[in-house]
Amino acid sequence: MTCDPGSGSCVPDPNSAQTRLPSLRGHYALVPLPGLRHGIVGYAPAQKSLVWVEQGSDSQSTTFIAGPAAGDEAGPEGELSAATASASGDTHVAWLRTGDQTLWHAQRVDGKWQRTRVDAVPPKRAARRVAIAVMGNRPAIAFEDAIDGGVGVAVRGTDGVWALEKIPSPAPTVGAATALGGTLALSAAGGALTLATYDVQAGDLVLASRSADGWETARFAGRTGAPDAGDAGLPCALARDVGGALVVTWRDRSRNLVRVARSDGGAVTRKVVTDGTYAVAGRGIERRRVVGTSLAAVVRPNGRVAVAVQDASRARIFVAMEQADGSFKRYPVPDSGRPQLRPTLLARVDGALVVSWLDLEVDGAGAGRLATWVLSVTGESP
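Residues numbered from 1 in each chain as written. Predicted model: local features only at pLDDT ≥ 70, side-chain atom pairs only at ≥ 80, totals over all residues. Heavy atoms only, no water.

Trainee: Could you clarify how one ought to interpret the overall build of the chain in this entry?
Mentor: For the chain, the helix and strand inventory stands at zero helices and 31 strands. Relative to the 2.2 N^0.38 estimate, which gives 21 Å for 382 residues, the radius of gyration of the chain is 20 Å and therefore close to what a compact globule would have. Taken over the C-alpha atoms alone, the chain extends approximately 60 × 55 × 40 Å along its principal axes. Within the span of the chain, comprising 382 residues, buried residues form 50% of the whole. Taking the contacts inside the chain whose residues are at least 6 apart along the sequence as the reference set, 40% of them involve residues at least 24 apart. A total accessible area of about 16800 Å² is found for the chain, and carbon and sulfur atoms account for 50% of it. (Helix = DSSP H or I, 4+ residues; strand = E, 2+ residues; numbered from the N terminus. Rg over C-alpha atoms; globule rule 2.2 N^0.38 Å. Buried < 20%, exposed > 50% of the residue type's maximum accessible area, 1.4 Å probe, protein only. Contact = heavy atoms within 4.5 Å. Areas by Shrake-Rupley, 256 points an atom, 1.4 Å probe, with all protein chains shown as cover.)

So this is what it looks like as structure tokens:
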């Protein structure tokens, strides 16, 4: 940003590399890279292509993975995508090509993209949402199943061949058929794989775990997932601590709460991250904003959870940082005056957080300019 002498306001700097980034629309992903760098994968509507942006403190590069801008036939490609990084530092991307509704995977090795169509998933089967995780160097891609309903997962074997697996439905609720979907989150640790999704009919957050014996599915929160009794799980996010333990974050829609749960010595502890409460200045009263309609969560190197939360009442974003006493402190994300959408988070090894979001463009038909902010918290208690 730069200061406009005429108005005194902050405006985009036309000479900034940030300003030259392509606008993005829909979901995008933030992935770690060596040397405190990060990459962004998302859909660039102006180019009808899936874009890769690599950023560091003093440099930036932009390339296209799929679509017309990458030399493919007329797009669009990559309107639905997800990305993650393996422990070895390779970036894995999954996307849906909407023209023939085929599922694709790309892996970035030594700076080059290796693209493959996931042939285990027939055309027109993957739809609406995708998520990706990596078990060692074996990618797994979850998607909403347009043919059989529910959620499917394509897993690449050690021989490089993809296999399709079906997520089993949890025990049914009384008087309602199970309908999984609406949101997907996928996380891996070692050879284990965990998927979080939502039962649209019951209003439950559903967790599915994959082991050598197959998939097991259970209701974790919501109307029938004790101990909550409200509609919960839309949206949700998964994260892992340094030991591989799972952290689950979700929105309780009935109570307008953002909640987090994690395993602590074999027991599951649950906390409220935020309820949207704020004080009205000078009036001595409190009110509540609608929070959690979009979420991202990470576990910092010190073991504490950080959650990026969408404030839907104001189209703003804040980061809730876990403190030593287990409470959460809110840090508002700087804004340029434009609506802020779709927060993402990345925990750096130096303890800082990279916060990313879209500054919605006035005439961008839902597209936004990518913005990032590095949040460093000093003077923390152990």
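Trainee: Please explain the sheet that holds strand β13 (residues 151–156) as it appears in this structure.
Mentor: Here we have four strands laid out as an open sheet, ordered β11-β12-β13-β14, and antiparallel in their pairing. Looking at which strands have only one partner, the edges of the open sheet turn out to be β11 (126–135) and β14 (162–166). Across the sheet, the mean angle separating the axes of adjacent strands is 25 degrees when strand polarity is ignored. Bridge count for β13 against β14 is five bridges, and the pairing is antiparallel. Bridge pairing links V155 to A163 in β14. (Pairing = 2+ DSSP bridges. Axes fitted to C-alpha atoms, helices over the stretch in contact; angles between N-to-C directions.)

Trainee: Got a minute to help me understand the side chain of T217 in this structure?
Mentor: Its place among the elements puts T217 in strand β18 (residues 214–222). Engagement of the side chain of T217 in a polar contact is seen with the backbone oxygen of P168, the distance being 2.8 Å. Ignoring any residue separated from it by four or fewer positions in sequence, one finds T217 in contact with I167, P168, S169, P170, V206, L207 and A208. (Polar contact = N/O pair within 3.5 Å; in protein donor to acceptor, adjacent residues only side chain to side chain.)

Trainee: Any chance you could explain the pattern of salt bridges here in plain terms?
Mentor: A side chain of one charge can pair with a side chain of the opposite charge when the charged atoms of the two come close. One pass over the structure, following the stated rule, counts 26 salt bridges. Among the ionic pairs, R210 bridges to E165, the shortest N-O distance being 2.9 Å. With R210 in strand β17 (residues 204–211) and E165 in strand β14, this pair connects stretches of sequence that are 45 residues apart. Of the charged contacts in the structure, one is a salt bridge between R348 and D350, with a shortest N-O distance of 2.7 Å. Of the residues examined, R348 reaches a relative accessible area of 17% and is grouped as buried. Under the relative-accessibility criterion, D350 is labelled partly exposed at 46%. Three or more residues joined by partner-sharing salt bridges are found here, namely R125, D145, D148 and K166. (Salt bridge = Lys/Arg side-chain N within 4 Å of Asp/Glu carboxyl O.)

Trainee: What's the story with the sheet that holds strand β20 (residues 246–252) in this structure? I'm lost.
Mentor: Sheets are built from strands that pair by backbone hydrogen bonding, the pairs being arranged parallel or antiparallel. Spatially, the four strands line up as an open sheet ordered β19-β20-β21-β22, and their pairing is antiparallel. The strands lining the two open edges of the sheet, one partner per strand, are β19 (232–240) and β22 (267–274). Ignoring strand direction, the axes of neighbouring strands in this sheet form an average angle of 20 degrees.

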